[in-house]
Amino acid sequence: MIHIRKILLLLFLFTPPLIAEDKHVDMILSPYAAGTCIIPHGIFKQIAEPGFGLAINLGLTNLFFKNSLIMLSSGFNFINEERDNIASFGMPYLSLLTGYAFTLTDNFKITPLVGTGYLLHIIKGSSGGGGSSGNSEYALKSFLDPLFTIQCEFDVALFKGYHIILTPGYIFFFEKNNTGRYLNIALGAKKDFYLKRKIKKINLFLSTDCNSFSPNADGLKDIIRIIPELETTSGIDCFDLKILDKNKHVVRSFTGQNSVSGTFIWDGLDNRGNLMPDGEYIAELELNYQKGDPHLAYTPPFILDNSPPEIALTLKPQPFSPDNDGVDDELLLSIKVDDPDSINAWSIRIDDPKGVHFITFRGKGIPPEKITWNGLSSSGELVQAAENYPLSLEISDNLGNITRLNKDIPVDVLVVREGDKLKIRISSITFSPNSSDLEAVEDEDKAAKNNKTLKRLVEIFQKYNDYRIRIEGHANNLLWDDPVKASEEEIKELIPLSRERALSVKDALLKLGLYAERISTVGLGGKDPIVPFRDTINRWKNRRVEFILIKK
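On a predicted model such as this, the values are computed, not experimentally measured, just so you know. (Residues numbered from 1 in each chain as written. Predicted model: local features only at pLDDT ≥ 70, side-chain atom pairs only at ≥ 80, totals over all residues. Heavy atoms only, no water.)

A closer look at the overall build of the chain
- Each helix and strand counted, the chain has three helices and 31 strands in total.
- Burial analysis of the chain (552 residues in total) assigns 43% to the buried set.
- Of the contacts formed within the chain by residues at least 6 apart in sequence, a portion of 62% connects residues at least 24 apart.
- Approximately 29600 Å² of the chain is accessible, and the part contributed by carbon and sulfur atoms is 54%. (Helix = DSSP H or I, 4+ residues; strand = E, 2+ residues; numbered from the N terminus. Buried < 20%, exposed > 50% of the residue type's maximum accessible area, 1.4 Å probe, protein only. Contact = heavy atoms within 4.5 Å. Areas by Shrake-Rupley, 256 points an atom, 1.4 Å probe, with all protein chains shown as cover.)

Following this line, the structure appears as structure tokens:
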């Protein structure tokens, strides 16, 4: 046994002061039972036959550096074979091995080992007494042989420290001037028992890459990343990451064994694949080590938010009348947002009655509580009288949730001063196609709008009793690109049609209470367009009725 003491003393003296990269040493008791195949060589051939064995290992991992191993191995290989007057009953052994574990996967590693120790022979031999043949006396004897071992351990981890082990090895032992050796191949099962002791607190942190996310599949902040930071990954048995709601109920869990690496991604779904409701959540990570106490870490609370901002929009006055007469000339837009701190951007788009862009207001962050509009487009064009202008309000928060709100802006009949004249221009009075008949309009909404506009005109004209009214009918020349045909269309179609439509409007106003002597009519056809006839998007504005107020 003196050699064992010397070996242990040398290991103690030359052990580096810094133990391992992860700063802790694991002590493992690893008993395993294995069927053993022994292939004898040298003088050992006289006493050895294939048999089976039992081994108990006590080891330290991460001693010199990470994945290093030093192991004290003790066992018994049973032999049952007699040759002449000598037989071996067994070979107890004790050896000290060192090696390095190569981890190929989470559940598979290879550990080459080398070691030295003693092999104890227990034999039955002659006592040296005389006698006739067959009557010799025998006695049990034992002696120690130094041994040297080279072996490689193939370790397949199953669960909870259980392993399947395949260990081929070559063992040499020495007796006087002779050398014994045999090939030892063991296949069996193994269970690791980490010697329980409290270890120092391992630094473990859990964080997220953001404090809120919105899993609505819009490509913006649809996931949240949960990031573990730990001092060491060695010795982990299993981990359990849980997503908890505000009531501490588990809604999603992630589990694994042996190691924790990278980040965890939560897409807002529970364990059944259902989207979780808006609210506050927290992540909890529990690490269970093969030895020592479990470790817990939590993230700060984070928010799942799939709800767009709640907004309210009011428009005053309705209708508004930007005709510069000092009354209702500006439209006031009042905006109220429920969660202003989370707003990213906003925009208000106003289109003309045909859906063409008219003007836009936009900005970053919180929208102003009040916006005023004077009725002009981005190019300076005034709104058309007695029309509805569609408004679209859009507000997005920092997570990409968007609220859209649509309203109509009703425009009043506008009395606009042009030099010494007052003019009312209306494009919204609708006639039957190629007709001057107001009463034959089939679209009920358009017919109702006609009645509303005509009644409003009567109200305004009654305020201007000192003025005569000239009604002008205007039309679109569709053959404008051919001067000859355009002139023919003007004389034969547009002037007569526009004159008849002016007369039809006069008749409607008379029925509503105006006096005939105040009103005159004229049909101007396409002689006075507002926009060029080639402008197919805006030339609808040319087809109109204008009212000229002339001082008596």
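So that's the structure; there's more coming.
Re the packing of aromatic side chains
- According to the stated counting rule, one finds 12 aromatic pairs in the structure shown.
- A centroid spacing of 5.7 Å and a plane angle of 35 degrees characterise the contact between Phe-320 and Trp-373, whose relative ring orientation is tilted. Highlighted residues: Phe-320 in the loop between β20 (311–316) and β21 (331–337) and Trp-373 in strand β24 (residues 370–373), separated in sequence by 53 residues.
- Residue classification places Trp-373 among the buried positions, given a relative accessible area of 2%. (Phe/Tyr/Trp six-rings, centres within 6.5 Å; stacked < 30°, edge-to-face > 60°.)

What about the pairing of β24?
- The alternating pattern of β24 places Ile-371 and Trp-373 on a buried face, while none of Lys-370 and Thr-372, on the opposite face, is buried.
- Note: β21 against β24, four bridges, orientation antiparallel. Within β24, the residue paired with Ser-334 across the bridge is Lys-370. (Pairing = 2+ DSSP bridges.)

Looking at the pattern of salt bridges
- Overall, the coordinates contain 18 salt bridges when judged by the stated rule.
- We note a salt bridge from Arg-252 to Asp-267, for which the minimum N-O separation is 3.2 Å. Linking Arg-252 in strand β15 (residues 250–257) with Asp-267 in the loop between β16 (264–266) and β17 (279–289), this pair joins segments that are 15 residues apart in sequence.
- Arg-252 sits in the buried class, given a relative accessible area of 18%.
- Owing to a relative accessible area of 29%, Asp-267 belongs among the partly exposed residues under this scheme.
- Between Glu-472 and Arg-470 there is a salt bridge, and its shortest N-O distance comes to 2.6 Å.
- Within the structure, one salt-bridge network assembled from shared partners comprises Glu-418, Lys-423, Arg-425, Asp-528, Arg-544 and Glu-546. (Salt bridge = Lys/Arg side-chain N within 4 Å of Asp/Glu carboxyl O.)

Re helix α3 (residues 483–511)
- Here α3 is 29 residues long and its end C-alpha atoms lie 40 Å apart, about the 42 Å a rise of 1.5 Å per residue gives.
- If you look at α3, its biggest bend is around 45 degrees, right at Glu-490.
- Phi turns positive one or two residues past the end of α3, at Gly-513, with a value near 115 degrees. (Expected span 1.5 Å × (residues − 1). Bend = angle between axes of the 7 residues up to and from the residue.)

As for the sheet that holds β21
- Here we have three strands laid out as an open sheet, ordered β20-β21-β24, and antiparallel in their pairing. In this open sheet, the two strands that pair with only one neighbour each are β20 and β24. On average, adjacent strands in this sheet sit at an angle of 20 degrees to one another, irrespective of strand direction. (Axes fitted to C-alpha atoms, helices over the stretch in contact; angles between N-to-C directions.)

Section: the nonpolar core
- Core analysis: the largest hydrophobic core is formed by 52 residues, its most contacted members being Ile-348, Trp-373, Val-505, Leu-509 and Phe-547.
- For this core, the element with the highest residue contribution is helix α2 (residues 444–463), accounting for five residues.
- Excluding its chain neighbours within four sequence positions, the residues that come into contact with Leu-509 are Leu-454, Leu-457, Val-458, Phe-461, Ile-471, Leu-514, Ile-519 and Phe-547.
- Ranked by size, the runner-up nonpolar core spans 26 residues in total, among them Leu-206, Val-260, Phe-302 and Leu-304. (Core = buried A, V, L, I, M, F, W, Y, C linked by side-chain atoms within 4.5 Å.)

Section: the pairing of β21
- Burial analysis of β21 places five of its seven residues in the buried class, the great majority of the element.
- Relative to β21, β20 runs antiparallel, the two sharing six bridges. When the bridges of β21 are listed, Thr-314 appears paired with Ser-334.

Thoughts on the environment of Glu-369
- Tracing the sequence through the fold places Glu-369 in the loop between β23 (357–364) and β24.
- Residue Glu-369 is classed as exposed on the basis of its relative accessible area, which comes to 62%.
- Separated by 34 residues in the primary sequence, Glu-369 and Ile-335 place their C-alpha atoms 4.9 Å from one another.
- Setting aside residues up to four positions removed in sequence, Glu-369 forms contacts with Leu-333, Ser-334 and Ile-335.

Observations regarding the side chain of Glu-387
- Relative to the helices and strands, Glu-387 is located in the loop between β24 and β25 (388–397).
- Under the relative-accessibility criterion, Glu-387 is labelled buried at 7%.
- A polar atom in the side chain of Glu-387 sits 3.2 Å from the side chain of Lys-449.
- If we skip the residues at most four places from it in the chain, Glu-387 touches Pro-353, Ile-409, Pro-410, Val-411, Ser-427, Ser-428, Lys-449 and Trp-540. (Polar contact = N/O pair within 3.5 Å; in protein donor to acceptor, adjacent residues only side chain to side chain.)

Quick word on α2
- With 20 residues, α2 extends 29 Å from end C-alpha to end C-alpha; this agrees with the ideal 28 Å at 1.5 Å per step.
- Within α2, the full set of buried residues consists of Asn-450, Thr-453, Leu-454, Leu-457, Val-458, Ile-460 and Phe-461. End-on view of α2: buried residues confined to an arc of 165 degrees, all on one side of the axis. Exposed and facing more than 90 degrees away from the buried side of α2 are Glu-444, Asp-445, Lys-452, Lys-455 and Lys-463.
- One side-chain oxygen at the N-terminal end of α2 lies 2.9 Å from the backbone nitrogen of Asp-445; it belongs to Asp-443. (Arc of directions from axis to C-beta.)

Shape is all these values report; function is a separate question.
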